[in-house]
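# Close look at the chain arrangement
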Amino acid sequence: MSETALVTEVLHGHVACWTLNRPKQLNALNGALIAALGKMVEEVQQRDEVRCIVLTGSGEKAFVAGADIKEFANFNSAEGRELAERGQRTLFDAIALSAKPFVAAVGGFALGGGLELALSCHVRIASGNARMGLPEVTLGLIPGYGGTQRLSRIIGRGRAMEMILSARMIKAEEALTNGLVSKVVEREALLEEALKMAGKLAANSPKALQAAIHAVQASGSPEGYEVEIDQFGRCFANEDFKEGVAAFLEKRKPEFPGR
Ligand code: DAK
């Protein structure tokens, strides 16, 4: 991938580290970046060598400072709706429903669409200097990339409502307390910690990770328990299950084929 790519990839074993690369704009999500990332999310589903993805932003100041305000400044109602729908489908939902887990390494600002991107990921780790919020109402908007739904599910409706209506930015410690992130580490240790976490996930059965993501994403819906039963049953047909059980009985580490 070229040095000027909007998203750069570095492979660490089975973990791909993707860095959003618009540091001068604090990695604000413009259409090109959303399209590039969406394409990578689609393609990575077919890449057997990648079992987990770490998503992070370039530069010291920001994970992502939101959707690119300059780009949607003159949108009308239909254009706004269309862009929200396309963005949600091709990127935010695509990450949330990805068969492979995404770990967001949130260093600095994660605002608006940037926080929504982190919310789409399956695990979030933040640095001590992280600042997270959904400031859309200060622009006369509401979160349009799934923020009203995912933030409510992750931290509860009351806390999400307060954050969204007040546009308040929260610090890493508060995000840890309310469950928005799983861990807070020093800025210098962020990527290493995220890669370590991703490595742990990648060591587990890819088929089971896929099934677990599917089932957890259905939590709260009326079909949630049925989805869990169905996914549980499907696991027994996988080679990964046979390898996991064999490895346990033979007292060795499993080597999952991912089938
Ligand atoms: N968009 C475009 N450029 C941005 C940006 C953004 N969201 N955030 C920062 N930048 C640019 C700044 O304009 C500046 O560029 P230059 O002026 O140097 O050319 C550069 O990044 C550095 O920013 P600052 O100079 O402002 O840096 P500071 O450290 O002073 O402040 C800050 C950092 C993060 C507090 C500040 O930059 C800031 O408040 N940024 C905006 C945060 C924000 O409101 N983000 C947008 C949230 S709303 C939609 C779907 C979704 C959305 C919208 C539409 N449709 C479907 C249509 C989502 C909206 C949002 O994300």
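Please refer to the structure placed before this passage.
No experiment lies behind these values; they were computed from the predicted model shown.

Reading the values: rules and limits
Residues numbered from 1 in each chain as written. Predicted model: local features only at pLDDT ≥ 70, side-chain atom pairs only at ≥ 80, totals over all residues. Heavy atoms only, no water. Pairing = 2+ DSSP bridges. Helix = DSSP H or I, 4+ residues; strand = E, 2+ residues; numbered from the N terminus. Phe/Tyr/Trp six-rings, centres within 6.5 Å; stacked < 30°, edge-to-face > 60°. Buried < 20%, exposed > 50% of the residue type's maximum accessible area, 1.4 Å probe, protein only. Right-handed = clockwise from strand over helix to strand, strands pointing away.

### Considering the sheet that holds strand β9 (residues 170-171)
Spatially, β4-β6-β8-β9 is the arrangement adopted by the four strands of the open sheet, whose pairing is mixed. Either end of the sheet is taken by a strand with one partner, and the two such strands are β4 (62-64) and β9. As defined by bridge partners, β4 adjoins strand β6 (residues 109-111) across two bridges and the pair is classed as parallel. Its bridge partner being in β6, Ala-62 is matched across the sheet by Phe-109.

### Considering the packing of aromatic side chains
What the rule picks out here adds up to four aromatic pairs. On the basis of an interplanar angle of 75 degrees and a centroid distance of 5.7 Å, the ring pair of Trp-18 and Phe-102 is categorised as edge-to-face. In this pair, Trp-18 is assigned in strand β2 (residues 15-20) and Phe-102 in strand β5 (residues 102-106), connecting sequence segments 84 residues apart. For Phe-102, a relative accessible area of 0% corresponds to the buried category. Consider the rings of Phe-232 and Phe-236, whose centres lie 5.1 Å apart with planes at 70 degrees: the pair is edge-to-face.

### Notes on the pairing of strand β1 (residues 7-12)
The pairing of β1 with β2 spans six bridges and is antiparallel. Paired with Glu-9 across the two strands is Trp-18, which belongs to β2. The hairpin turn running from β1 into β2, its antiparallel successor, is two residues long, and Gly-13 in that turn takes a positive phi close to 60 degrees.

### Let's talk about the pairing of β2
Burial within β2 is extensive, with six of its six residues counted as buried. The alternating pattern of β2 places Val-15, Cys-17 and Thr-19 on one face and Ala-16, Trp-18 and Leu-20 on the opposite face, and all of these are buried. Relative to strand β3 (residues 52-57), β2 runs parallel, the two being bridged by six bridges. In the strand pairing of β3, Val-15 is matched with Cys-52. Taken together, β2, helix α1 (residues 31-44) and β3 constitute a β-α-β crossover, and its handedness is right-handed.

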